[in-house]
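# Residue-level structure breakdown
Chain by chain, the residues:
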Amino acid sequence: MDVDQAKLLLRIFADGKKLDTIAIRELYLSGYIGIELHSAGKEPIPTAITENGKRVLEGQKPSLFAFVM
């Protein structure tokens, strides 16, 4: 996921709008959001923007080693 795409999706999430499961998965795997995991078959619920995600929203270059949740 490129930074511009992540920034767009994080803005949608920050505005309280729902993201589809694929977008949630990509943001989570990229370290931009934290999610609450449920049992198999249930939809993941995004819970928070990580520090890495906040840096992307603020326009700073994300660090490869900043996957803090």
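Now for a quick tour of the structure. (Residues numbered from 1 in each chain as written. Predicted model: local features only at pLDDT ≥ 70, side-chain atom pairs only at ≥ 80, totals over all residues. Heavy atoms only, no water.)

### Focus: the nonpolar core
Core analysis: the biggest nonpolar cluster contains 13 residues, and L10, L19, L27, Y32 and I33 have the highest contact counts within it. Listed by contribution, the elements that provide at least two residues to this core are α1 (3–14), α2 (21–29) and β1 (33–36). With four residues, α1 is the single largest residue contributor to this core. Those residues in contact with L27 that sit more than four places away from it in its chain are M1, A6, L9, L10, L19, Y32 and I33. (Core = buried A, V, L, I, M, F, W, Y, C linked by side-chain atoms within 4.5 Å. Buried < 20%, exposed > 50% of the residue type's maximum accessible area, 1.4 Å probe, protein only. Helix = DSSP H or I, 4+ residues; strand = E, 2+ residues; numbered from the N terminus. Contact = heavy atoms within 4.5 Å.)

### Let's talk about the pattern of salt bridges
Applying the stated rule across the entire model yields two salt bridges. The salt bridge involving E26 is made with R25; its shortest N-O contact spans 2.8 Å. We classify E26 as partly exposed; its relative accessible area is 26%. Measuring nitrogen to oxygen at the nearest pair gives 3.4 Å for the salt bridge that ties E51 to K54. Here K54 and E51 lie together in helix α3 (residues 51–57), a separation of three residues that amounts to about one turn. E51 gets classed as partly exposed once you look at its relative accessible area, which sits at 39%. (Salt bridge = Lys/Arg side-chain N within 4 Å of Asp/Glu carboxyl O.)

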